[in-house]
Amino acid sequence: MSSDLSSEITLPTGEKYIQPTGLFINNEFVPSTSSKKIITVNPATAQPICELHAASAQDVDRAVKVAHETFEKTWSKVTGSERGELLIKLSQLIERDAEILAKIDALNAGKPYATNAMNDIGQILELTKFYAGYADKLDGKYIPISENKFVYEINEPLGVVGLIVPWNYPLAMASWKLQGALAAGNTVVIKSAENTPMSLLYFAQLIKEAGFPPGAVNILSGFGPITGSAMVGHELIDKISFTGSTGVGKLIQQQASVNLKNVTLECGGKSPAVIFKDANLSEAVKWCSLGIFYNSGQNCTANSRILVQDEVYDEFIQKFQEYTKENWVLGDPFKDETTVGPVISKTHHERILSYLNHGSNVEKLNKIEIAPLGSTAQDYPQGYYITPTIFTDVPVTSKLFQEEIFGPVACVTKFSDFEEAIKIANSSIYGLGSAVFTKNIKKAHRFARMLKAGTVWINSSNDEDIKASFGGYKMSGVGREMGLEGIKTYTQIKAIHVNLDDEEEEKAKL
Ligand SMILES: NC(=O)C1=CN([C@@H]2O[C@H](COP(=O)(O)OP(=O)(O)OC[C@H]3O[C@@H](n4cnc5c(N)ncnc54)[C@H](O)[C@@H]3O)[C@@H](O)[C@H]2O)C=CC1
Ligand code: BAL
């Protein structure tokens, strides 16, 4: 059963559900004004799933105007407590529909359902409740000036915010932005990635059911250079929060100058994990394997550069291979045991393969393909699978060591001492995540302070928590998400100066 605005989907489990396919504007699904369509593809099979409306610049304009009007007339008058209650209601609906939301991301993004997509929903749930609790706690500040003068500062929402999200965590990346923006009192126009629009459109139904007023949240599927660019250029959008490539982040920063938009950019990374010889090696192996192979390496904080001290280098490589072989399962995202699914698309698959080819045939590096439980990408020729791979003794200046591959590919290199380790770790244009493994607490903290990265994990890796801020140094981005910063980033401060002096009144008293 399909209409122009919905499509009946049969999941690989045999279950069926109705997928909305229109644009979600003013709490209704509507057709696009353009004939351009997005055809979603299941990365595990390379087969098309369904066709969705793609927003034109005209559709963006309509969504933004609706969001603007809603902000001015309704949403800006809703109290923090009321916004918190709506978010609590939303969290209950997310909990109710957790399985179907995770199954949609498993189908559309190839995320292993039980071991990955469900984790995303768990994080979203926690985050939604966290921001619900903060919605009425955006306290201001009292600043005494003199006997008769003081200032109070209040946090106000920005207005209409434009959110542009990627495909690696389709619903989670949307939620990092959306829930914080709503808690802070903004209205939203959000665009999903063209590869993965399905879960966010399903989520639109929960927004409406939770009771958010029409126009508070508008959800567009669409292509970056058309829909995304129209959002960035729109003068009624007060802020853009973007997650994606550094190249597009740079474009957005330039285009956003049209009305001096506030911009948050969460971009690429080439995160180092540094293993000192006094580390608990088994723990380092476990975390580094998780940090590069989880989500098939499609993580902005993936520890794609692994630096190991000379004395334990060979032992680390051996244990790393063994651990990965024994603890990961490559395969069908809908099988409960699967932990490594396909990568997102044909284009991305080809991009990763070209890095693998460059590493082995151009740079002539030592390449080790690890077959988790004996299976490799060749066992799944129908989908976009990549066999987990490590390159060893990789020169620090090489393309593979410097560029973001965004796949299950680790580059390992040696270092001799603390100074060399910090120099290599910081020799990157990026500065998003980083990890350091040592039992020496002083060394760990000294190293953490010297790392140029927005997140440092000591004795773990990619162990993010919604209560802590997340974002990059250098070309990994601008601003922070999650934690308290993830709500403050959607506010602006107004300083109100109060003068209690009244010379006329004083004179009258005399
Ligand atoms: N930081 C992260 O989490 C992510 C990083 N990436 C990196 O980017 C590489 C390329 O992946 P892509 O999907 O091509 O990333 P991308 O940066 O092109 O896409 C991310 C989002 O930006 C939108 N977009 C693209 N061009 C735009 C424009 N001109 N104006 C406004 N919005 C625009 C896309 O539609 C999508 O929603 C990956 O291989 C990876 O290295 C990709 C996704 C997430
Ligand atoms: N773990 C979610 C953000 C990222 O790594 O892409």
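Analysis parameters
Residues numbered from 1 in each chain as written. Chains lettered and ligands numbered in written order. Predicted model: local features only at pLDDT ≥ 70, side-chain atom pairs only at ≥ 80, totals over all residues. Heavy atoms only, no water. UniProt positions renumbered as here; feature names shortened; annotations may be inferred. Core = buried A, V, L, I, M, F, W, Y, C linked by side-chain atoms within 4.5 Å. Buried < 20%, exposed > 50% of the residue type's maximum accessible area, 1.4 Å probe, protein only. Domains from an automatic or database assignment. Contact = heavy atoms within 4.5 Å. Helix = DSSP H or I, 4+ residues; strand = E, 2+ residues; numbered from the N terminus. Axes fitted to C-alpha atoms, helices over the stretch in contact; angles between N-to-C directions. Parallel < 35°, antiparallel > 145°, perpendicular 65-115°, else oblique. Left-handed = near helix turned anticlockwise from the far one by under 90°. Nonpolar A, V, L, I, M, F, W, Y, C, P; charged D, E, K, R; others polar. Pairing = 2+ DSSP bridges. Near = heavy atom within 4 Å. Areas by Shrake-Rupley, 256 points an atom, 1.4 Å probe, with all protein chains shown as cover.

An unreviewed UniProt entry lists the chain under the name Aldehyde dehydrogenase domain-containing protein, from Wickerhamomyces pijperi. A UniProt comment under Sequence similarities (unreviewed entry) is attached to the chain, and it reads "Belongs to the aldehyde dehydrogenase family."

Looking at the nonpolar core
Of all hydrophobic cores here, the largest spans 110 residues; its most connected members are Phe-203 and Ile-275. Inspection of this core shows a minimum of three residues originating in each of domain 1 (22-267 + 476-494) and domain 2 (272-458). Apart from the residues lying within four places of it in its own chain, the contact partners of Phe-203 are Leu-90, Ile-94, Leu-101, Leu-171, Leu-178 and Gln-179. By size, the runner-up hydrophobic cluster in this structure holds 26 residues, among which are Leu-307, Tyr-355, Val-394 and Phe-401.

Notes on the environment of Pro-333
Mapped onto the secondary structure, Pro-333 falls in the loop between helix 10 (313-327) and helix 11 (346-362). By relative accessible area, Pro-333 is classed as buried at 2%. Taking the C-alpha atoms as reference, Pro-333 lies 29 Å from Glu-209; in sequence the two are 124 residues apart. Discounting chain neighbours no more than four positions away, the residues touching Pro-333 are Ala-44, Ala-106, Gly-110, Lys-111, Pro-112, Tyr-113, Thr-338, Pro-342 and Tyr-385.

So, the packing of helix 2 (residues 80-96) against helix 4 (residues 113-134)
Viewed as axis vectors pointing N to C, helix 2 and helix 4 meet at an angle of 165°, and their least axial separation amounts to 8 Å. By the angle between their axes, helix 2 is roughly antiparallel relative to helix 4. Seen along the crossing, helix 2 lies across helix 4 with a hand that is left-handed. Across from Gly-84, Leu-87, Ile-88, Leu-90, Ser-91, Ile-94 and Glu-95 in helix 2, the residues of helix 4 making contact are Ile-121, Ile-124, Leu-125, Thr-128, Lys-129, Tyr-131 and Ala-132. Of the residues belonging to the contact of helix 2 with helix 4, the class tally is nine nonpolar, three polar and two charged.

So, the UniProt feature "domain: Aldehyde dehydrogenase" (unreviewed entry) in the chain
Within this structure's numbering, the places UniProt gives as "domain: Aldehyde dehydrogenase" (unreviewed entry) are residues 29-496. Between the end C-alpha atoms of residues 29-496 the distance is 42 Å, and the span holds 40% helix and 20% strand.

Some remarks on the pairing of strand 3 (residues 16-20)
Two strands pair when backbone bridges link them, and strand 2 (residues 6-10) and strand 3 are joined in this way by five bridges, in the antiparallel orientation. Bridge assignment links Ser-6 to a residue of strand 3, and that residue is Pro-20.

A look at the site of ligand 1
As a structural note, the neighbourhood of ligand 1 is formed by 26 residues, with Trp-167, Lys-191, Glu-194, Ser-245 and Glu-404 the closest of them. Against a free-state accessible area of 820 Å², the protein chains account for coverage of 87% of ligand 1. When contributions to the shell around ligand 1 are tallied by element, the ones reaching two or more residues are helix 7 (224-233), strand 13 (239-243), helix 8 (246-255) and helix 11. Residue composition of the shell around ligand 1, by class: 12 nonpolar, nine polar and five charged. Formed jointly, the shell around ligand 1 draws a minimum of three residues from each of two domains, domain 1 (22-267 + 476-494) and domain 2 (272-458).

Thoughts on the sheet that holds strand 25 (residues 491-499)
The strand order across the open sheet formed by three strands is 8-9-25, and the pairing between neighbours is antiparallel. Bordering the open sheet on either side are strand 8 (141-146) and strand 25, each of which pairs with just one other strand. When the angles between neighbouring strand axes are averaged without regard to direction, this sheet yields 25°. Relative to strand 25, strand 9 (residues 149-157) is paired through nine bridges, and the arrangement is antiparallel. Pairing of Val-151 across the sheet is with His-497, part of strand 25.

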